[in-house]
Amino acid sequence: MEEKPILEKAERIRDVIRYIKRFKNAAVVIHIDDDIIDSPLFLSHIRDIALIHQAGLRVIIVPGARKKIDAALLQNNISWTYQNGSRITPSEAIPLIRNAAFDAANIVMTSLAGENLTAVIGNWVRARGKGVLSGVDFGTAGEIDKLDDETIKTILDSGVIPIFPCIGWSLNGKPYNISSAQLAAQIATHLQADKLFFLLPNAELSEKFFTIPKDVGLSPEGCIPAMNIEELDEFLKVNSEKKEKTAISRKTSSPSEKILSMLRLAKKAVEQGVTRVHILNGSIEGTLPCEIFSDLGSGTMIYKSNYGKFRAMRREDISAVLSLMRPFVKKEILLPRSEQQMESEYNDFIVYELDGAVRACAALHIYDRSQAEIAALAVDETCAHIGIGPKMIEYLIEKAKTVSIESVFILTTQTADWFEKQGFTPDEIETLPEKRRKKWNPKRGSKLFRLNLKKNERTEVI
């Protein structure tokens, strides 16, 4: 068997083990859109939720019930409208809404029982009516006033999965309808959950459905794997919908509108302490475990600033960095380096760490006050499409500027076009520092490219 497939399988297994360790006992809130509940893949997602629970994650489920509520209201000739994501109905609708919400929750509970998991549906949400806002009476629509934290914690500690129907109760027992997506986001925020998942049909953040800002990286399939808050702001800006009218009588929304709505909830949740929010395409089997137990998963992750980070390389990173470089050495893109060489040079390196794993590296070798070399740039192929390489270059250029380096150079045999795209221009080998010129191998024939930092600074001033 070839070495590469074995290494790829081993790396996937290492990722799974690392993430199981990382997220053991983590709180995970999963909102399941009711279109997914009605889909042929629903039981497959339930099996995946069972595996996630068995891996030690503390799962909380909020099922959607829109279609069931729609059907119940239509059958009884009760009309409704939507305003800011809330369904507005007359008071006689609330018994029907309550029954439909608990029916959806019961389907999830029964399916979990089929996987030998114990789940419980409860009324742990104290709600209050939204009242009248900007002249609009929200009627039976409510919002969370308080969660029964102690009971929820006891349920999770006992290994039981709590299921939240989209209903809240006032102090005097009056039921209110709460948007299931908003409910999931508020529960995740209140519990400071590690992850919030929105499992939606056909949830694909790609150029097919959206305008993608130029600085947002795409996966090989053309989808957005992750966005930080700043990138999400730009995404929402360029994809902003027309201003909503005071009341929207339309009873359905397009998939892209639904995704934008979830992204707004995701932004607020992350800003209020939820570690990560994920928009997942529930029309794809296996999307949940893939998103949890791999670096870039299968959906779109929203995060603040604690996802990946650049840091100085440490001695204990040497093995991981050499492993990262190995495929590039085999392709003769990078020169081979020994452990002894790395022991003497690791202080020149930075690495990009993603959830505890080294996924990229590069070095800045300073020869004198006028020149420095950027070398050994390697990015794991799983992260090659999210812009880490250019960011590493930018990071090292800024580092060079802090010690007044006049120019940085690179030597390459196969990546000249990429470095030219980053602003480097061809230069003569004779301009290399003497120490580095002695190491240059004419048989290898590396080409020299240089970026003049002083020139860039003057241009910026002008």
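Remember, it's a predicted structure, so these values are computed and weren't measured experimentally. (Residues numbered from 1 in each chain as written. Predicted model: local features only at pLDDT ≥ 70, side-chain atom pairs only at ≥ 80, totals over all residues. Heavy atoms only, no water.)

Draft legend 1. Structural context of the confidence of the model for the chain. Per-residue pLDDT for the chain has a mean of 87; in total, 92% of the residues score no lower than 70. This model gives residues 242–251 a pLDDT under 50, and the stretch forms 14 contacts once residues within four places in sequence are excluded. Contacts from residues 456–462, a stretch scored under 50 in pLDDT, to residues over four places away or in other chains number three contacts. (pLDDT = per-residue confidence, 0-100. Contact = heavy atoms within 4.5 Å.)

Draft legend 2. Expanded view of the packing of helix α7 (residues 180–191) against helix α9 (residues 255–271). It is the contact of α7 with α9, at a shortest axis distance of 10 Å, that shows an interaxial angle of 15°. Our classification of the angle between α7 and α9 gives roughly parallel. Seen from above, α7 lies across α9 with right-handed handedness. Residues Ala181, Gln182, Ala185 and Thr189 of α7 touch α9, and the partners they reach there are Met262, Leu265 and Ala269. Among the residues making up the contact of α7 with α9, the classes are represented as five nonpolar, two polar and no charged. (Axes fitted to C-alpha atoms, helices over the stretch in contact; angles between N-to-C directions. Helix = DSSP H or I, 4+ residues; strand = E, 2+ residues; numbered from the N terminus. Parallel < 35°, antiparallel > 145°, perpendicular 65-115°, else oblique. Left-handed = near helix turned anticlockwise from the far one by under 90°. Nonpolar A, V, L, I, M, F, W, Y, C, P; charged D, E, K, R; others polar.)

Draft legend 3. Molecular detail of unusual backbone geometry. Notably, asparagine 25 is not glycine yet its phi reads approximately 70°, a positive angle. Along the polypeptide, asparagine 25 turns up in the loop between α1 (3–23) and β1 (27–32). Although it is not a glycine, asparagine 202 sits at a positive phi angle of roughly 55°. Relative to the helices and strands, asparagine 202 is located in the loop between β13 (195–200) and β14 (226–228).

Draft legend 4. Quick look at helix α3 (residues 42–54). Helix length check: α3 (13 residues) gives 18 Å between terminal C-alpha atoms against 18 Å at 1.5 Å per residue, within 8%. Turning to α3, its buried residues are Phe42, Ser44, His45, Ile46, Asp48, Ile49, Ala50, Ile52 and His53. Within two residues after α3, glycine 56 carries a phi angle of roughly 105°, on the positive side. (Expected span 1.5 Å × (residues − 1). Buried < 20%, exposed > 50% of the residue type's maximum accessible area, 1.4 Å probe, protein only.)

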